[in-house]
Amino acid sequence: MALFTSSTLEIPETTCIPKHIAIVMDGNGRWAKSRLLPRVAGHKRGVDALRRTVQACVEMGVEHLTVFAFSSENWRRPQDEVSLLMRLFIRVLRKDLHEMHKEGIRLKIIGDLSRFDAELQNAIQYAQTLTAQNTRFCLNVAANYGGRWDILQATRAMLSANPALAANPENIVETDLTPHLCLSCSPEPDLFIRTGGEQRISNFLLWQLAYTEFYFTDKYWPDFGKEMLTEAIQSYNNRERRFGRTSEQLATQQPTPARAVAK
């Protein structure tokens with residue numbers, strides 16, 4: 001499995017179509033409330049939006065998509081809503097898994113899975129094992145995930161694999177830690193999207209978003225699809241990705257071959 005380099009150590013290639021998009025899928029509950037529907041209706045429509053977005057990403061040439069499905073702080077929500085989300089998670093896994101496998105999509109669930117019940121853990125393990133060799137597209141679903149947790153667990157794993165580093169912390173470099181982060185098998189996101197009107201990252205991919213371009217929209221997640229994804233990518237294409245360099249330096253360099261944004 002390939003490991004990708006850090007944008008603070010090397011300048012990554014950039015193209016018109018982001019290789020990796022990360023999304024906070026926010027606004028399901030408010031979408032339902034605005035229509036006088038129960039919150040569960042918003043979550044179910046949110047699953048439809050995710051299906052549309054995955055299909056759009058595949059069609060447009062995006063290679064990796066990471067979505068924030070359930071944060072480590074979402075356990076604070078009402079118990080009945082949490083239970084419903086867990087049941088919905090299992091239902092979606094069972095309903096969509098074989099179609100994703102048929103389409104060549106690799107599914108990876110990132111986060112602390114130990115808090116989920118045995119039925120959900122087994123469904124996740126089966127899904128990841130079944131799709132592990134697929135290479136057409138990678139869908140990462142963050143569930144019981146937090147960016148601080150990710151860095152902490154990676155640090156523990158790094159020290160467990162290299163005990164000598166604990167006695168010589170001055171020797172620790174990025175490349176010691178990054179293989180243990182949850183997304184070590186995907187490049188850092190080029191584009192971060194958050195729906196629902198909030199403008200924060202909410203403990204999502206704290207390490208990986210160091211040089212990611214941010215795009216916020218007031219639209220609720222259940223309304224998201226190819227048209228809105230295209231708008232986000234067009235906004236991304238108006239950004240100047242310098243990675244610490246100056247605009248003058250960029251102007252003297254050969255442009256990276258671009259792929260057109262699909263309409």
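Conventions adopted
- Residues numbered from 1 in each chain as written.
- Predicted model: local features only at pLDDT ≥ 70, side-chain atom pairs only at ≥ 80, totals over all residues.
- Heavy atoms only, no water.
- Helix = DSSP H or I, 4+ residues; strand = E, 2+ residues; numbered from the N terminus.
- Rg over C-alpha atoms; globule rule 2.2 N^0.38 Å.
- Buried < 20%, exposed > 50% of the residue type's maximum accessible area, 1.4 Å probe, protein only.
- Areas by Shrake-Rupley, 256 points an atom, 1.4 Å probe, with all protein chains shown as cover.
- Expected span 1.5 Å × (residues − 1).
- Arc of directions from axis to C-beta.
- Salt bridge = Lys/Arg side-chain N within 4 Å of Asp/Glu carboxyl O.
- Core = buried A, V, L, I, M, F, W, Y, C linked by side-chain atoms within 4.5 Å.
- Contact = heavy atoms within 4.5 Å.
- pLDDT = per-residue confidence, 0-100.
- Axes fitted to C-alpha atoms, helices over the stretch in contact; angles between N-to-C directions.
- Parallel < 35°, antiparallel > 145°, perpendicular 65-115°, else oblique.
- Left-handed = near helix turned anticlockwise from the far one by under 90°.
- Nonpolar A, V, L, I, M, F, W, Y, C, P; charged D, E, K, R; others polar.
- Pairing = 2+ DSSP bridges.

**Student:** Any chance you could explain the overall build of the protein chain here in plain terms?
**Tutor:** Tallying secondary structure elements over the protein chain gives nine helices and six strands in all. Taken over C-alpha atoms, the radius of gyration comes to 19 Å for the protein chain, in line with the 18 Å a tight globule of 263 residues would show. Along the three orthogonal principal directions, the C-alpha set of the protein chain runs to about 55 × 50 × 35 Å. Out of the 263 residues in the protein chain, the part that is buried amounts to 47%. Here the protein chain displays about 13,600 Å² of accessible surface, and carbon together with sulfur accounts for 51% of that area.

**Student:** How should helix α5 (residues 147-161) be read in this particular structure?
**Tutor:** Helical geometry: 3.6 residues make up each α-helical turn, so side chains three or four residues apart lie on a common side. The terminal C-alpha atoms of α5 lie 21 Å apart, and with 15 residues this matches the ideal 21 Å at 1.5 Å per residue to within 8%. Among the residues making up α5, those that are buried are G147, D150, Q153, A154 and M158. Considered in projection along α5, the buried side chains sweep an arc of 140° and stay on one side of the axis. Facing away from the buried side of α5 by over 90 degrees, the exposed positions are R148, R156 and S160.

**Student:** Is there a simple way to explain the pattern of salt bridges in this structure?
**Tutor:** If the charged atoms of two oppositely charged side chains come close together, the side chains can form a pair. Evaluation of the coordinates by the stated rule reveals 15 salt bridges. Residue D26 is joined to R30 by a salt bridge in which the shortest nitrogen-to-oxygen separation is 3.2 Å. Judged by relative accessible area, which is 16%, D26 ranks as buried. With a closest N to O distance of 3.3 Å, E213 and R239 form a salt bridge. Highlighted residues: E213 in strand β6 (residues 213-216) and R239 in the loop between α8 (226-237) and α9 (247-251), separated in sequence by 26 residues.

**Student:** Looking at this structure, I do not really get the nonpolar core. What am I missing?
**Tutor:** Note that soluble globular proteins tend to have their nonpolar side chains buried in a common cluster. Core analysis: the biggest nonpolar cluster contains 46 residues, and I21, I23, L65, F137, L139, I193 and L229 have the highest contact counts within it. If we ignore the near neighbours within four places in the chain, the residues touching L139 are V54, L65, V67, M100, I105, R106, L107 and K108. With 12 residues, the next largest nonpolar core counts A22, F68, C182 and F204 among its residues.

**Student:** Whenever I open this one, the confidence of the model for the protein chain confuses me. Can you help?
**Tutor:** Close inspection of predicted coordinates is inappropriate in any region flagged by low pLDDT. Across the protein chain, pLDDT averages 92, with 95% of residues at or above 70. Below a pLDDT of 50 lies the segment residues 257-263, which in the model reaches 19 contacts outside its immediate sequence neighbourhood of four places, other chains included.

**Student:** Looking at this structure, I do not really get the packing of helix α2 (residues 39-60) against α8. What am I missing?
**Tutor:** Packed helices, taken two at a time, are described by the angle between their axes plus the distance between the axes. For the pair α2 and α8, the least separation of the axes is 9 Å and the interaxial angle reads 55°. Classified by the angle between their axes, α2 and α8 sit oblique to one another. Seen from above, α2 lies across α8 with right-handed handedness. Touching T53, A56, C57, E59 and M60 of α2 are K226, L229, T230 and I233, all from α8. Along the lines of polarity and charge, the residues of the contact of α2 with α8 split into five nonpolar, two polar and two charged.

**Student:** What's the story with the sheet that holds strand β3 (residues 105-110) in this structure? I'm lost.
**Tutor:** Working definition: the strands of a sheet are paired by backbone hydrogen bonds and lie parallel or antiparallel to each other. The strand order across the open sheet built from six strands is β3-β4-β2-β1-β5-β6, with neighbouring strands paired in parallel fashion. Looking along the sheet, the strands with just one partner apiece sit at the ends: β3 and β6. Across this sheet, the average inter-strand angle for adjacent strands is 20°, counted without regard to direction. Taken together, the six bridges between β3 and strand β4 (residues 137-145) define a ladder with parallel strand orientation. When the sheet's bridge partners are listed, L107 is paired in β4 with L139. With respect to the sheet, α2 is in contact with β1 (20-24), β2 (64-71), β3 and β4, its orientation differing from that of β2 by roughly 160°.

**Student:** Which parts of the structure should I look at to understand the pairing of β4?
**Tutor:** Within β4, nine of the nine residues are buried, leaving the element largely enclosed by the surrounding structure. When β2 meets β4, the two strands line up parallel, connected through seven bridges. Pairing of H64 across the sheet is with C138, part of β4.

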